[in-house]
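Now for the letters of each chain:
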Amino acid sequence: MADSTEEVFNGVVAPFCFGQILVEKREGAGFVLLHRDDASPNKLQRYRDAEDAIEIAKYDEAGNYRPLKTAPNLRHGWRLELATAEELRRALDYFYPSRLAVFAAWKKGCLKTTALRETLDRQSGMYRVAAKISDPQINDLVADFCRSDSGCLRTILWKRDRNGVIASTKLPKEKFDPVVDQAAACSRRPAGDARASHSEAATVPLLCQEPCNLLIAECRKVVKGESA
């Protein structure tokens, strides 16, 4: 799903929010990226290379490694200044791997989704047992693991099985709507703050077209726990 910068950002104009990141146009040319909750951009640690996004996204506020880059725990305190749209694309891809390509495919109407049961059924080795997870267990697990305020900021597009059953009935309907800003659920900005609402900023959704490897691993843990 390799797409050019023009295809990815076609129709998207800064300022816009992408997960917990706010993208703004710089005076003159280029872009500024910062955590959407940081209110004083001039007092932040400054970076000027797209590759700096790799290090910024690696650890949370407490210094813990972030295995799931779309978790709502991106650290604060940084400002990334980039000169071109291509650098912007690279940086956002480091922050949220593959999400731009998925968004571009979705915009073009060619994004394919994969049901959880289908993903589980093709597991092998130590993860084969994960397919034994029951529907009620899936309902509970997805509701906890994928919730936007503490689990994952992606908007779920996949279904539980090929019959089109919703991933979890315990998640709000907004979790499945690409129009809804998932990161708003975990914003620390006080109500009424101008940067909190980003009223002038569009929202580019982090879309989830198939269950991730971390969710599959959690399915295995649930089954192994029931079997113990």
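What counts and how
Residues numbered from 1 in each chain as written. Predicted model: local features only at pLDDT ≥ 70, side-chain atom pairs only at ≥ 80, totals over all residues. Heavy atoms only, no water. Helix = DSSP H or I, 4+ residues; strand = E, 2+ residues; numbered from the N terminus. Contact = heavy atoms within 4.5 Å. Disulfide = S-S within 2.5 Å. Buried < 20%, exposed > 50% of the residue type's maximum accessible area, 1.4 Å probe, protein only. Salt bridge = Lys/Arg side-chain N within 4 Å of Asp/Glu carboxyl O. Core = buried A, V, L, I, M, F, W, Y, C linked by side-chain atoms within 4.5 Å. Phe/Tyr/Trp six-rings, centres within 6.5 Å; stacked < 30°, edge-to-face > 60°. Pairing = 2+ DSSP bridges. Polar contact = N/O pair within 3.5 Å; in protein donor to acceptor, adjacent residues only side chain to side chain.

(A) Structural context of the overall build of the chain. Scanning the chain from terminus to terminus reveals eight helices and eight strands. Here the analysis covers contacts within the chain between residues at least 6 apart in sequence; of these, 72% occur between residues at least 24 apart.

(B) Region of the structure containing unusual backbone geometry. At Ser-98, a residue that is not glycine, the phi angle is positive and equals roughly 70°. Considering the arrangement of structural elements, one finds Ser-98 in the loop between helix H3 (85-95) and helix H4 (99-107).

(C) The state of the cysteines, seen in detail. If you walk through the whole model with that rule in mind, you get zero disulfides. Here Cys-146 is not cross-linked by a disulfide; its sulfur's nearest cysteine counterpart is in Cys-152, at 6.3 Å. Given the relative accessible area of 9%, Cys-146 is considered buried. Cys-146 provides the cysteine sulfur closest to Cys-219, a residue in no disulfide bond, and the two sulfurs are 9.0 Å apart.

(D) Here's a closer look at the pattern of salt bridges. As enumerated under the stated definition, the model contains 14 salt bridges in all. A salt bridge links Glu-81 to Arg-79; the shortest N-O distance between them is 2.7 Å. Exposure class is identical for Glu-81 and Arg-79. Each is buried. We note a salt bridge from Arg-117 to Asp-135, for which the minimum N-O separation is 2.8 Å. With Arg-117 in helix H5 (residues 116-121) and Asp-135 in helix H6 (residues 135-145), this pair connects stretches of sequence that are 18 residues apart.

(E) Layout of the nonpolar core. Core analysis: the largest hydrophobic core is formed by 33 residues, its most contacted members being Ile-21, Val-23, Leu-33, Trp-78, Leu-80, Leu-92 and Phe-95. When residues of this core are traced back to their parent elements, those giving at least two are strand E1 (16-18), strand E2 (21-25), strand E3 (31-35), helix H2 (52-56), strand E5 (78-82), H3 and H4. Within the second largest apolar cluster, 21 residues are counted, among which are Leu-120, Phe-176, Ile-216 and Cys-219.

(F) Quick look at the environment of Gly-30. You can see Gly-30 is positioned in the loop between E2 and E3. You can call Gly-30 buried: its relative accessible area is 4%. Taking C-alpha positions, Gly-30 is 5.6 Å from Leu-82, a pair spaced 52 residues apart along the chain. Not counting residues within four places of it along the chain, the set of residues in contact with Gly-30 comprises Glu-24, Lys-25, Leu-82 and Ala-83.

(G) Up close: the packing of aromatic side chains. Under the definition given, this model contains four aromatic pairs. When the centroid spacing of 5.5 Å and the interplanar angle of 85° are considered together, the rings of Phe-18 and Tyr-96 count as edge-to-face. In this pair, Phe-18 is assigned in strand E1 and Tyr-96 in the loop between H3 and H4, connecting sequence segments 78 residues apart. In terms of burial, Phe-18 and Tyr-96 fall into one category: buried. A ring pair is formed by Trp-78 and Phe-95, whose centres lie 5.2 Å apart and whose planes are at 25°; its orientation type is stacked.

(H) Structural view of the pairing of E3. Buried residues dominate E3, accounting for five of its five residues. Pairing of E2 with E3 involves five bridges; the strand directions are antiparallel. When the sheet's bridge partners are listed, Val-23 is paired in E3 with Leu-33. The hairpin turn running from E2 into E3, its antiparallel successor, is five residues long, and Gly-28 in that turn takes a positive phi close to 95°.

(I) Quick look at the environment of Ser-168. Structurally, Ser-168 can be placed in the loop between strand E6 (155-156) and helix H7 (194-197). Not counting residues within four places of it along the chain, the set of residues in contact with Ser-168 comprises Asn-139, Val-142, Ala-143, Arg-160 and Phe-176. Engagement of the side chain of Ser-168 in a polar contact is seen with the backbone nitrogen of Lys-170, the distance being 3.2 Å.

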